[in-house]
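# Structural characterization, general
The residues making up each chain are set out below.
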Amino acid sequence: MTQEKSFEEVLLKVIEPLLEGLRVLERGSRYIGPATMDSISSELLATRQKLRNASENLRESDWLPEAQPIRDLVSEAYRVALRGLETLDEVGKQANDMMSIYRALGARTRVCDAIYPLATHFSLIHRFFLDSRKQDVPRFKISDSSNDEGIRGIHHIENDRKQRGGFSLYVPESYEEGRAYPVVFALHGGSGHGSTYLWSWLRTARTEELVLVSPTSVGGTWAIMGNDQDSPNLHRILESISGIVNIDDRKLMLTGMSDGGTFTYVSGCTDDSPFTHLAPCSASFHPMLVEMMSKDRLRNLPICITHGALDWMFTVDIAQTAEYAFSAAGADVFYREIPDLAHTYPEDANPELVDWFLDANR
């Protein structure tokens, strides 16, 4: 390493642009829609160039030998970010530019995979993986017990990106065996995958000390119609994690985006559903669903319905109809209509949702 460059200086030159690039990817994912494609594409192209420039600071000669493991993680994050952003070169060359932009935005989850292990070592990265309203959560907040050390953090159980029916699990780093933890089951959208959708909730689960489960549908999407293979699988997953971590069975939330939100209705309103709270987002809905559900199950059932006023796939009147139907059936409905949201998941709205979920009176 050259004498004039300290380790901290070299690290900041690659970490700060990477985290800013992740913020750009997050904003793009949050606001993507037919009306925003051009502006998001332009911002992503600018970000790609900034990351290319910053990657020059990953020269092995600039890093201390003992810092090579850190360099390897950061180098992998840059590699997957730049590779993902290569799909922007397809914009304007095919009929559906939005798909190219979606693929570029998908680089975010792979970057998070690469750098998350550094969150327990560097405050800058630690704070990045916290909700903005609680940036003062200590970096090291780990119990003294060594018996449960191996279960903390992120685990993928039969859930690599080519597998179906498995799940990804996050257990707070501060996990203590004697405490019961609220659980969030987060269901991806159509053609999605639990290992990537995990990152839609990781920041909030880490901040609020929640057990997070991100399953992958058995088929290409959730069993909205026909034979339901997914509900038994969700129940099996819940049973299996109950044998690993101490969960609070009074606080079990099933939430999902798009097809995952629709399946939250389909599965979560059945009499044998173990979930205490439902939170569909950007979901489809038909009033006949309520007619097929048990009135006893729906009575006082806490349901948070989130939908974007700009949703171009499932228009907002669908959610308004769901609010009316479930309220009329006796459910305890909390309705959130987000003015600037299209058909995407609003991670920035997670803190309000968790406040609703953890409310002692609900």
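For the structure, see preceding data.
Remember, it's a predicted structure, so these values are computed and weren't measured experimentally. (Residues numbered from 1 in each chain as written. Predicted model: local features only at pLDDT ≥ 70, side-chain atom pairs only at ≥ 80, totals over all residues. Heavy atoms only, no water.)

### Some words on the overall build of the protein
From N to C terminus, the protein includes 14 helices and 8 strands. Here the protein has a C-alpha radius of gyration of 21 Å; the compact-globule value for 362 residues is 21 Å, and the two agree. Viewed in the frame of its principal axes, the protein has a C-alpha envelope of about 70 × 55 × 35 Å. Across the 362 residues of the protein, 54% fall into the buried class. Pairs at least 24 apart in sequence give 73% of the contacts found in the protein among residues at least 6 apart. On the protein, roughly 16200 Å² of surface is accessible, and the fraction owed to carbon and sulfur atoms is 51%. (Helix = DSSP H or I, 4+ residues; strand = E, 2+ residues; numbered from the N terminus. Rg over C-alpha atoms; globule rule 2.2 N^0.38 Å. Buried < 20%, exposed > 50% of the residue type's maximum accessible area, 1.4 Å probe, protein only. Contact = heavy atoms within 4.5 Å. Areas by Shrake-Rupley, 256 points an atom, 1.4 Å probe, with all protein chains shown as cover.)

### A few points about the nonpolar core
Counting residues in each nonpolar core, the largest one holds 64 residues, and the members touching the most others are L44, W63, F129 and W201. It is helix α1 (residues 7–31) that contributes the most residues to this core, 10 residues altogether. Those residues in contact with L44 that sit more than four places away from it in its chain are V24, L25, L85, L88, I101, A104 and L105. One finds I237, I247, Y265 and L298 within the second-largest nonpolar core, a separate group that totals 45 residues. (Core = buried A, V, L, I, M, F, W, Y, C linked by side-chain atoms within 4.5 Å.)

### What to know about the packing of aromatic side chains
Here the distance between the centres and the angle between the planes together describe a pair of aromatic rings. Applying the stated criterion across every chain, the model contains 13 aromatic pairs. Summarising the aromatic geometry, the rings of F7 and W63 are spaced 6.0 Å apart at their centres and angled 75° between planes, so their arrangement reads as edge-to-face. Placement of F7 in helix α1 and of W63 in the loop between α2 (37–54) and α3 (68–85) is noted, with a sequence separation of 56 residues between them. Here the aromatic cluster, defined as three or more aromatic residues joined through ring pairs, consists of Y116, F128, F129 and W199. Above the ring of F357, the side-chain terminus of K251 is found at 5.8 Å from the ring centroid. (Phe/Tyr/Trp six-rings, centres within 6.5 Å; stacked < 30°, edge-to-face > 60°. Lys NZ or Arg CZ within 6 Å of the ring centre and 35° of its normal.)

### Quick notes on the pairing of strand β3 (residues 181–187)
For β3, the tally of buried residues reaches 7 of 7 residues, placing the bulk of the element in the interior. Alternating positions in β3 separate into two faces, Y181, V183, F185 and L187 on one and P182, V184 and A186 on the other, with burial throughout. Strand direction decides the pairing type here: β3 and strand β5 (residues 247–257), joined by 6 bridges, are parallel. Paired with L187 across the strands is G256, a residue of β5. In the sheet, β3 pairs with strand β4 (residues 211–215) via 3 bridges, with the strands oriented parallel. If you follow F185 over to β4, its bridge partner there is V213. (Pairing = 2+ DSSP bridges.)

### Digging into unusual backbone geometry
Notably, E158 is not glycine yet its phi reads approximately 45°, a positive angle. Take E158: it is sitting in the loop between β1 (153–157) and β2 (167–171). Of note in the backbone geometry, N300 takes a positive phi value of approximately 65° without being a glycine. Within the secondary structure, N300 is located in the loop between α12 (295–298) and β7 (302–308). When its relative accessible area of 57% is taken as the criterion, N300 is described as exposed.

### Structural notes on the sheet that holds β5
Two modes of strand pairing occur in sheets, parallel and antiparallel, and in both the strands are linked by backbone hydrogen bonds. Across the sheet, 8 strands lie side by side as β1-β2-β4-β3-β5-β6-β7-β8; this open sheet has mixed pairing. Looking along the sheet, the strands with just one partner apiece sit at the ends: β1 and β8 (332–338). If you compare each strand with its neighbour and ignore which way they point, the axes differ by 15° on average. Summarising the sheet, β7 and β8 pair through 7 bridges and their orientation is parallel. Counterpart to P302 in the pairing with β8 is D332. Packing of helix α10 (residues 259–268) onto the sheet brings it into contact with β3, β5, β6 (277–281) and β7, and relative to β5 it is tilted by some 135°. Set on the sheet, helix α14 (residues 350–358) makes contact with β3, β5, β6, β7 and β8; between it and β5 the angle comes to about 145°. (Axes fitted to C-alpha atoms, helices over the stretch in contact; angles between N-to-C directions.)

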